[in-house]
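Structural overview for review
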There are 2 protein chains.
Amino acid sequence: MSIIVQKFGGTSVATAEKIHRAARRAIKAKLAGKQVVMVVSAMGHTTDELLALAKEVSPNPPKRELDMLLTTGEQVSISLMAMAIHAAGHEAISFTGGQVGMVTDAAHTKARIRSIDGSRIRRHLDEGKIVIVAGFQGVTPDGAITTLGRGGSDTTAVALAAAIGAEVCEIYTDVDGVYTTDPRIVPQARKVTQISYDEMLELASLGAGVMHSRSIEFGKKYNVPIHVRSALTDTEGTMIVAETKGMEDIVVRGVTLKRDLATVVLQGVPNQPGMASKIFAQIAKHNIVVDDIIQNIYSQGAEANIGFSTTTDDAKEAAVICRELTKEVPIKAIEVDDKVAKVSIVGIGMKTHTGVAAKMFNALSEAKINIKHISTSEIVISVIVDLKDAEIALRTLHTAFGLDNGE
Amino acid sequence: MSIIVQKFGGTSVATAEKIHRAARRAIKAKLAGKQVVMVVSAMGHTTDELLALAKEVSPNPPKRELDMLLTTGEQVSISLMAMAIHAAGHEAISFTGGQVGMVTDAAHTKARIRSIDGSRIRRHLDEGKIVIVAGFQGVTPDGAITTLGRGGSDTTAVALAAAIGAEVCEIYTDVDGVYTTDPRIVPQARKVTQISYDEMLELASLGAGVMHSRSIEFGKKYNVPIHVRSALTDTEGTMIVAETKGMEDIVVRGVTLKRDLATVVLQGVPNQPGMASKIFAQIAKHNIVVDDIIQNIYSQGAEANIGFSTTTDDAKEAAVICRELTKEVPIKAIEVDDKVAKVSIVGIGMKTHTGVAAKMFNALSEAKINIKHISTSEIVISVIVDLKDAEIALRTLHTAFGLDNGE
């Protein structure tokens, strides 16, 4: 009998009524002949409330104890979900992460899954029960309770699906799938029927995905089809699957916009080996996350401009660190621009189509948008533009690559 | 190094401030050279709130899932307590019942402890940590989460104290000890310095104890001294200990009042073997808890009056059952009196002192209180009186047996 995993996020189990709705969905799948595993997050804002409680007690709580605290949120949800299924006349049983052998390393608050023992789940599925597992949590080999960090419940669901050989992992959420871009900015945005793991990973890292990248990596590694869909309707959502030949016909799957970025550019840095290394070692030492590296070398000169983009939050500290650096590295000037944004196009079709970048730059040029920096990877082209131009750039590219609704 | 167990009830950990207060108490004991284990209940009304949440989802939730739900309350408390101790600059580590090997049977919502593995607790104590354990909960040998039922956190504390050889189990609560009687009714009530397990067990079953009887039974069985004391002050409370010779000098340790009782008396029942058995089998079958059995046999007659006391809630159903019984047993009349109360005197001194009952009846008689029924056991004498006389009876006996304040 085929197994499906259904994951319900916090908004989908925020009230008793929503819990019953999720329960009905699992029962429906069971009646359709599937074995069903549910993975459930904490109700609504529970995690935030628990964090607030911790802050009341301690400004800097030990991470092990934070995990002990936060995992109660999912434990409440799974028990209520089991009650809801029982109330509807079906068999269900709930398990914490530890109880189903979700073993992680000991990196509290951001633990990584080491192994999963699917045998207990399979046994209860074979007894005809719907099995409900707490998302976001695991245990160390020593039995300490851990959490998987942001997006942890998605990771639980996909990893479980891989471990027990589920045919699909359904992610129920408050949106009905993955969109070509943010519909709040581009009303013509369309739902994507199918997307590859790699494209989805890029969308996630560009801040546009509905899922966290770690869960998608799991899906890719173990080839688990992930179905992102609405908890409120029966409409089909978006399937995240392994890349197929046909998928390359679409050049651009989606376009994204990342705000709250800043660029820090060091001007007049000696054009000699070791300079970049010195600069970025210092940046990394202070835990500043570099988004993209920007380097313009004056073609024949002795000097270069080296820079990077980072969050607006980190940019201030980064500038201070760079000013410190002027003591050892002869930097002529430091230029910080915190009114920029990154606009990207993502698609595996780029691998086989030519002229994509040219088409992108041309469209932006026609819209009179100045490109400040460019970065590319195999399936992504990104440009940094002035923040004021960002939304127009997004709409322009959405149209230029044929993603508008109805096309 | 000697170990102490400190148990904090829900009211003693209801807020962040109270958690810090409890933490300071544990730290103080540690600085005084003790190894400290804390057992903590769920904060304030958490358990009631979780039960309300369950009721919202299901009118009749499976007990296994109720346990899964309710145990989150203590898990929240232990993590916050560990954070509070860390914030004060000391080492602490929290554990769920399952994590410290609190193994129970599988009777969900009222599980009984089967075994405790104290080794993990001892290891962390030896590393200099304050160990915090979730009260009220355990796991089955199969790993399912259970709860110990009413008063479960006290049971956890005393059982743990026994398992790890603690010198004392301190129960911190919102009263400062065990009183000779309810001070709200008898202002002269005094705090008892020392009381035997047996006396405390009787007080608990008469509804007057601050602790549940199961925890006292554990204390008695493993001879763990239990110190009931206030979470708010440093005043010494009441020590519950094994009976010593000197304790018998006090004839009566306390007097109690149990309201919400009713008597059901079946009049004119044939005075022949098997009648009582028939009646009480029927009562038991309907899960009605009989408080005391009342039997007045007409000295030379062919008929007897058989009756019992029970809660006023159960009395109505009991009367219906007895009326049904008249079809098989020739009962002349059924008399229900739901305006009665039970007043009792408790003391191990009764075992060696004579005339205690006579003194009791005489005192009540002088106060013009009519005794409706009498029941006795080795260290208790109880009378059932009219509800309207109950408080006067309590005060009368408190004075008569020399328990008033200042004596």
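Owing to the predicted nature of the structure, the values given are computational and were not obtained by experimental measurement.

Reading the values: the criteria
Residues numbered from 1 in each chain as written. Chains lettered and ligands numbered in written order. Predicted model: local features only at pLDDT ≥ 70, side-chain atom pairs only at ≥ 80, totals over all residues. Helix = DSSP H or I, 4+ residues; strand = E, 2+ residues; numbered from the N terminus. Rg over C-alpha atoms; globule rule 2.2 N^0.38 Å. Buried ≥ 20, exposed ≤ 12 C-beta atoms within 10 Å, placed from the backbone. Pairing = 2+ DSSP bridges. Axes fitted to C-alpha atoms, helices over the stretch in contact; angles between N-to-C directions. Parallel < 35°, antiparallel > 145°, perpendicular 65-115°, else oblique. Left-handed = near helix turned anticlockwise from the far one by under 90°. Contact = placed C-beta atoms within 7 Å. Nonpolar A, V, L, I, M, F, W, Y, C, P; charged D, E, K, R; others polar. Domains from an automatic or database assignment. Least-squares fit on C-alpha atoms with pLDDT ≥ 70 in both. Core = buried A, V, L, I, M, F, W, Y, C linked by C-beta atoms within 7 Å. Expected span 1.5 Å × (residues − 1). Arc of directions from axis to C-beta.

Some points on the overall build of chain A
In terms of helices and strands, chain A carries eleven helices and 18 strands. Taken over the C-alpha trace, chain A has a radius of gyration of 24 Å; the compact-globule value for 407 residues is 22 Å, and the two agree within 12%. Based on the C-alpha atoms only, the size of chain A along its principal axes is roughly 75 × 55 × 30 Å. Buried residues in chain A amount to 52% of all 407 residues.

A short note on the sheet that holds strand β2 (residues 35–40) of chain A
Residue and element names in this part refer to chain A. Read from one edge to the other, the open sheet built from eight strands follows the order β3-β6-β2-β1-β9-β11-β12-β10, with strand pairing classed as mixed. Edge positions in the open sheet fall to β3 (92–95) and β10 (194–196), since each of these has one partner strand only. Taken over all neighbouring pairs, the strand axes of this sheet differ in orientation by 20° on average, direction set aside. The pairing of β2 with strand β6 (residues 130–134) spans four bridges and is classified as parallel. Bridge assignment links Val37 to a residue of β6, and that residue is Val131.

Things to note about the packing of helix α3 (residues 63–87) of chain A against helix α3 (residues 63–87) of chain B
Between α3(A) and α3(B), whose axes approach to 8 Å, the crossing angle comes to 165°. For the element pair α3(A) / α3(B), the angle class is roughly antiparallel. Read as a crossing pair, α3(A) and α3(B) show a hand that is left-handed. Residue-level inspection shows Glu65(A), Met68(A), Leu69(A), Thr72(A), Gln75(A), Val76(A), Ile78(A), Ser79(A), Leu80(A), Ala82(A) and Met83(A) of α3(A) in contact with α3(B), the latter providing Glu65(B), Met68(B), Leu69(B), Thr72(B), Gln75(B), Val76(B), Ile78(B), Ser79(B), Leu80(B), Ala82(B) and Met83(B). Across the contact of α3(A) with α3(B), the residue classes tally to 14 nonpolar, six polar and two charged.

A closer look at the interface of chain B and chain A
Listed as interface residues are 26 residues of chain B and, on the opposing side, 26 residues of chain A. Within the residue set of the side of chain B that touches chain A, elements represented by two or more residues are α1 (16–31), α2 (46–57) and α3 of chain B. The element that contributes the greatest number of residues to the side of chain B that touches chain A is α3(B), accounting for 14 residues. Its residues assigned to classes, the side of chain B that touches chain A comprises 16 nonpolar, eight polar and two charged.

Observations regarding the domain arrangement of chain A
Domain annotation for chain A reports domain 1 (3–174) and domain 2 (255–400). Averaged C-alpha coordinates put domain 1 of chain A and domain 2 of chain A at centres separated by 39 Å.

Some points on the environment of His45(A)
Here His45(A) is to be found in the loop between β2 and α2 (46–57). On the basis of neighbour counts, which here come to 14 C-beta atoms within 10 Å, the residue His45(A) falls in the partly exposed class.

Overview of the relation of the copies chain B and chain A
Copy one and copy two of the chain differ by a rotation about a common axis and a shift along it. Between the two copies, chain B and chain A, the superposition gives an RMSD of 0.2 Å; the rotation angle is 179° and the shift along the axis is 0.0 Å. Between the two chains, the operation in question is that of a two-fold axis. Scanning chain B for the C-alpha nearest the rotation axis identifies Thr72(B), at a separation of 2.7 Å. Comparing interface residues between copies, 100% of those in chain B also lie at the interface in chain A; the contact surface is shared.

Describing the packing of α2(B) against α3(B)
Residues and elements named next belong to chain B. At a minimum axis distance of 9 Å, the contact between α2 and α3 shows a crossing angle of 150°. For the crossing formed where α2 meets α3, the hand is right-handed. Facing α2, whose interface residues are Thr46, Thr47, Leu50 and Ala54, α3 presents Leu66, Leu69, Leu70 and Gly73. Across the contact of α2 with α3, the residue classes break down as five nonpolar, three polar and no charged.

Some details on the nonpolar core
Formed by 253 residues in total, the largest nonpolar core has its most connected members in Met81(A), Ile132(A), Met81(B) and Ile132(B). Met81(B) has contacts with Val13(B), Ile19(B), Ala22(B), Ala23(B), Met38(B), Val40(B), Ser94(B) and Ile132(B), leaving out every residue within four places of it along the chain.

Some remarks on α3(A)
Quick reminder: α-helices carry 3.6 residues per turn. Residues three or four places apart thus point the same way. Residues and elements named next belong to chain A. Helix length check: α3, at 25 residues, gives a terminal C-alpha distance of 37 Å against a target of 36 Å (1.5 Å per residue), a fit within 8%. Of all 25 residues making up α3, 23 are buried, and the element is well covered by its neighbours. Two residues or fewer past α3, Gly89 is found with a positive phi of approximately 90°.

Some words on the pairing of strand β12 (residues 238–241) of chain B
Residues and elements named next belong to chain B. As judged from the three bridges shared by strand β10 (residues 194–196) and β12, these two strands associate in the parallel manner. Each residue of the ladder has a partner; that of Gln194, found in β12, is Met239. Alignment of strand β11 (residues 226–230) against β12, held across three bridges, turns out to be antiparallel. Pairing of His227 across the sheet is with Met239, part of β12.

Considerations on helix α4 (residues 119–126) of chain B
Residues and elements named next belong to chain B. Here α4 has its buried residues at Ile121, His124 and Leu125. For α4, the angular spread of buried residues about the axis comes to 105°, placing them on one side. Turned more than 90 degrees from where α4 packs its buried face, Ser119, Arg123 and Asp126 sit exposed. If you follow the buried residues of α4, they end up packed against β1 (3–8), β2 (35–40), β3 (92–95), β6 (130–134) and α5 (152–164). Positive phi shows up at Gly128, right after α4, with a value of about 90°.

Brief notes about the sheet that holds β1(B)
Residue and element names in this part refer to chain B. An order of β3-β6-β2-β1-β9-β11-β12-β10 is seen for the eight strands of this open sheet, with the pairing classed as mixed. Edge positions in the sheet fall to β3 and β10, since each has one partner strand and no second. Averaged over all neighbouring strand pairs, the angle between strand axes comes to 20°, with direction disregarded. Contacts from α1 reach β1, β2, β6 and β9 (168–173), with the element oriented near 170° to β1.

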